[in-house]
Every structure is written in structure tokens, then in C-alpha cells.
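Coordinate analysis (summary)
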Amino acid sequence: MKLVVVSAGLSVPSSTRLLGDRLAAATGADDTRVVELRDLAVEIAHTFTNGFPGPDLSAAFEAVAGADGLIVVTPVFSASYSGLFKSFFDALSGSDPEALAGKPVLVAATGGSARHSLVLDHALRPLFSYLKAVVVPTGVYAAAEDWGAGGLDARIARAAGELAALVSGTAGSAGTPARPVRKADTFEDVTPFEERLAGLRPTG
């Protein structure tokens, strides 16, 4: 599984990066790359002024587009994701509108208070749904008091397991093969009800 962690943490060390690392480790991925947005801030800004991503930002875009799954982690600023975080994904979608289409994404955030935990559902989930990604059911928010608490470990394990299952194409628990797609499951092959009903009517 090729996994990319996008971390918008600004400090060193960063609790945002730490959360991303723990989530990645819990997935069991054998190939993980971390994209630190603070290192790309200048190139992200230049992208909006000249329309072209620099070499490091281009490499980050390629890594994200080529990943089997993403873990995205942002600190909470003003009850939402950070401007740097949003700018990166704005620049990515401007470069390739389909970069995240169908890609499994685990959303996570860090903050000083548990009161901001709704950022996952009110800001992050709508953003990645708009970008056509497949957002895993469980998001992870870590407040200052959560570090070292057993509840955080459980949420990390659950979310990471959901991401791994989506990436591997399993349904339910890991190791369970996904149900094959049948023709009847696709909209193109569904016979309209009126046609089926007409076929049941007696002829002659």
C-alpha cells in the first residue's frame, strides 16, 4: 500500500505531524511518504501568482496523485483547517481537478480544545467530498488532553483500519474480499421499471 501523509503542522516538533505518523503506522502501509506543507509554503504562494508549481510542489502533487490512499492532518485555526492546508489542495485541484477523484482519504486534525472536534465533519469532510475523494467514516481529532489517552489510540486504530480496508478494496473487516461488481450494479445496465413491467404483460 502506497500511502501519503499531508501534514500542515507549522511547529517543530509538531503534534499534527505526530498524529499523521501514528495514523500511518497503524495502517501497516509498507510505503509511506510525508508531505510537510510548511516546507512548501513559498512554492504554494508562488503558484497562485504565476500559475506554475515549483519543483518541490510538483513532486508533492505527483506523490499525492499517485498514492493509493491519503492521510491529511491540519491544525485547527479559527474553527477550521489552516490556510496553508486549504491552499495546498486548492493548488492541487487547480493543477489537476481529478487528482483526488475516487481516492481514499482519512481526515484528521489537532487543536488545543475538544470543542473544535466538529472541524472534521463541518470543514474537512465537505472539502474532500467536493474534491471527489472517498472519505473514510472515522476521522480523528486530537486535542491537547487526548495525547496519552487510551481513547485516541482506539480512534487511530479504527480510522487506520478503515483506510487500509478501502485501499485494499475490502468490505467490512480486513481480509474479506470485496463483492465483485455485477452488471446489475451499474446504472447503465439497469432496465427501467416500465420495460420490465411490459415484459410481464400477456401478449396477443
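Above this text is the structure in question.
Described below are features of the structure shown in this document. (Residues numbered from 1 in each chain as written. Predicted model: local features only at pLDDT ≥ 70, side-chain atom pairs only at ≥ 80, totals over all residues. Heavy atoms only, no water.)

**Concerning the packing of helix H2 (residues 41–50) against helix H3 (residues 55–66)**
- One way to put it is that H2 packs onto H3 with a least axis distance of 8 Å and a crossing angle of 95°. Regarding the angle of H2 to H3, the classification is roughly perpendicular. Residues Glu43, Ile44 and Thr47 of H2 form the contact with H3, whose own contacting residues are Pro55, Asp56 and Leu57.
- Looking at side-chain class alone, the contact of H2 with H3 contains three nonpolar, one polar and two charged residues. (Axes fitted to C-alpha atoms, helices over the stretch in contact; angles between N-to-C directions. Helix = DSSP H or I, 4+ residues; strand = E, 2+ residues; numbered from the N terminus. Parallel < 35°, antiparallel > 145°, perpendicular 65-115°, else oblique. Contact = heavy atoms within 4.5 Å. Nonpolar A, V, L, I, M, F, W, Y, C, P; charged D, E, K, R; others polar.)

**A few points about the environment of Thr16**
- Along the polypeptide, Thr16 turns up in helix H1 (residues 15–27).
- Considering only alpha carbons, one finds Thr16 and Val76, 60 residues apart in sequence, at a separation of 9.8 Å.
- With residues up to four places along the chain from it excluded, the contact list for Thr16 reads Ser7, Ala8, Gly9, Val73, Thr74, Pro75 and Thr110.
- Side-chain polar atoms of Thr16 contact the side chain of Thr110, separated by 2.8 Å. (Polar contact = N/O pair within 3.5 Å; in protein donor to acceptor, adjacent residues only side chain to side chain.)

**Re the nonpolar core**
- Counting 39 residues, the largest nonpolar core has Phe85, Phe88, Phe89 and Phe128 as the members making the most contacts within it.
- When contributions to this core are tallied by element, the ones reaching two or more residues are strand E1 (2–7), H3, strand E3 (69–75), helix H4 (83–95), strand E4 (104–111), helix H5 (119–130) and strand E6 (140–143).
- Those residues in contact with Phe89, other than ones at most four positions away along the chain, are Val6, Val72, Leu100, Phe128 and Leu131.
- The next biggest cluster of nonpolar side chains, apart from the first, holds 16 residues, and it includes Val5, Ala24, Ala159 and Leu163. (Core = buried A, V, L, I, M, F, W, Y, C linked by side-chain atoms within 4.5 Å. Buried < 20%, exposed > 50% of the residue type's maximum accessible area, 1.4 Å probe, protein only.)

**Some thoughts on unusual backbone geometry**
- Of the consecutive residues Val12 and Pro13, the connecting peptide bond is found in the cis state with omega at 0°.
- Positioned with a positive phi, Ser78 is a non-glycine residue whose angle comes to about 50°.
- Counting through the fold element by element, Ser78 comes out in the loop between E3 and H4.

**Description of the packing of aromatic side chains**
- Within this structure, the stated rule accounts for six aromatic pairs.
- With 6.1 Å between their ring centres and 70° between their planes, Phe85 and Phe128 make a pair best called edge-to-face. One end of the pair, Phe85, is in helix H4; the other, Phe128, is in helix H5, with 43 residues separating them in the sequence. A single burial state applies to Phe85 and to Phe128, both of which are buried.
- Consider the rings of Phe88 and Phe89, whose centres lie 5.0 Å apart with planes at 85°: the pair is edge-to-face.
- The class of Phe89 is buried, set by a relative accessible area of 1%. (Phe/Tyr/Trp six-rings, centres within 6.5 Å; stacked < 30°, edge-to-face > 60°.)

**Focus: the environment of Pro55**
- Along the chain, Pro55 falls in helix H3.
- Under the relative-accessibility criterion, Pro55 is labelled exposed at 66%.
- When the C-alpha atoms of Pro55 and Glu43 are compared, they prove to be 8.5 Å apart, with twelve residues separating the residues in sequence.

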